[in-house]
Structure formats: structure tokens, C-alpha cells
Amino acid sequence: MAMFCLQSCASPLVLFGRRLFTPRVITHCSYHKKVVDHYENPRNVGSLDKNDQNVGTGLVGAPACGDVMKLQIQVDDSGKIVDARFKTFGCGSAIASSSLATEWVKGKSVDEALKIKNTDIAKELCLPPVKLHCSMLAEDAIKAALSDYRFKQRDKQDNGVKASM
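Throughout what follows, the structure given in this document is the object of discussion. No experiment lies behind these values; they were computed from the predicted model shown.

**Some points on the nonpolar core**
- Formed by 27 residues in total, the largest nonpolar core has its most connected members in Ile73 and Val105.
- Broken down by secondary-structure element, the contributors of at least two residues to this core are strand S5 (55–62), strand S6 (67–75), strand S7 (81–89), helix H2 (92–105), helix H3 (110–113), helix H4 (118–125) and helix H5 (132–164).
- The element best represented in this core is H5, accounting for 7 residues.
- Each residue touching Ile73, except ones within four places of it in the same chain, is listed here: Leu48, Asn54, Val55, Gly56, Ile81, Asp83, Ala84, Val105, Ala145, Leu146 and Tyr149.

Structure (C-alpha cells):
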């Protein structure tokens, strides 16, 4: 989404005794205001204790562009996501996608959070087609964090059964 415009330079170029103005190309990247907002004011940046049994951690990356996203969720005893944090190395769209994802998962049950799709994230942020991989990363990070949480809960139950024997 780059727009190009030509402007004449303030200092003219002199060629064969004639004064010419040299064109200057200015490139503007047009991110949607929602992307800019989440990039400049990211929500829920940070980490949770990955060893906590109620914390699920998802770490995903996209080798094609080099983006890496870590998303963590904290779930209470009733199965509701009470906190979410992220750390992302990547472009503005990747940071915005992970910031939005943490906002959306908070307050949802584990099953409800699984229903968040990359298309919903992309639509909310008005991502151009070339940046859709960022919303896919966010969806993958949510799924990976939920999977890690469920794995820890299964281990917790298995250890509880072994301890009672």
C-alpha cells in the first residue's frame, strides 16, 4: 500500500544553462489507523510465568518474513482466560495482530478463544493481502498457547491420579 508522489525539489538543477527542477519521490506507507494504534500503543506486552500450570505459552514464527510471536494466556479454575501477554519480533502488522489477539482472548473461555480466526483479526485491522501472514501468526499463537495450557492440565490431572494411588 505504498503511494508515490512527485514533488519538485527546492534546489533547482542547472543543465545547459537552463534551470530545471529535479523530481523527488516520496514514499508513504499507509497502515490503517487501527494498526498504527496497536503498534504505537501495544496492549498486554510482557510475559507470564511459563512454569505456572495455569499459563499456556505459544511460540510461532514465519520463516518467510522473520516474524516471531510469543503469546501467553493465564486461565482461572473455571476455564476463563483472565490474562494474556505477548512479545513479538516483527513488523507493525505482526505487533498489531498479537496486541489485538491478547485483547480478544481475555475474558473468553478456552473453547471460545479457539474460535478466533485470522480472517477476523485481518478484517478488524484492515490488513492488506501482503500482511495476512501476520494475522495467521496470531491465530497460530493463540492455538499454540491453548494447546500448551491443555497439555499442562492433562499432566496436572495425570499427576493427581498417580499421587492418589
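Read on for the rest.
**Thoughts on unusual backbone geometry**
- The phi torsion at Asn44 lies on the positive side, around 65°, for a residue other than glycine.
- Inspection of the secondary structure assignment puts Asn44 in the loop between helix H1 (33–40) and S5.
- Exposure remark for Asn44: the relative accessible area of 14% places this residue in the buried category.

**Points about H4**
- Every buried residue belonging to H4 is among Asn118, Ile121, Ala122 and Leu125, and all of these are buried. All buried residues of H4 project into a common sector of 95° when viewed along the axis, lining one side. Those residues of H4 that are exposed and angled more than 90 degrees off the buried face are Thr119 and Lys123.
- Backbone geometry just after H4 places Cys126 at a positive phi near 55°.

Thresholds, definitions, all that
- Residues numbered from 1 in each chain as written.
- Predicted model: local features only at pLDDT ≥ 70, side-chain atom pairs only at ≥ 80, totals over all residues.
- Heavy atoms only, no water.
- Core = buried A, V, L, I, M, F, W, Y, C linked by side-chain atoms within 4.5 Å.
- Buried < 20%, exposed > 50% of the residue type's maximum accessible area, 1.4 Å probe, protein only.
- Helix = DSSP H or I, 4+ residues; strand = E, 2+ residues; numbered from the N terminus.
- Contact = heavy atoms within 4.5 Å.
- Arc of directions from axis to C-beta.

These results come straight from atomic positions and should not be treated as a statement about function.
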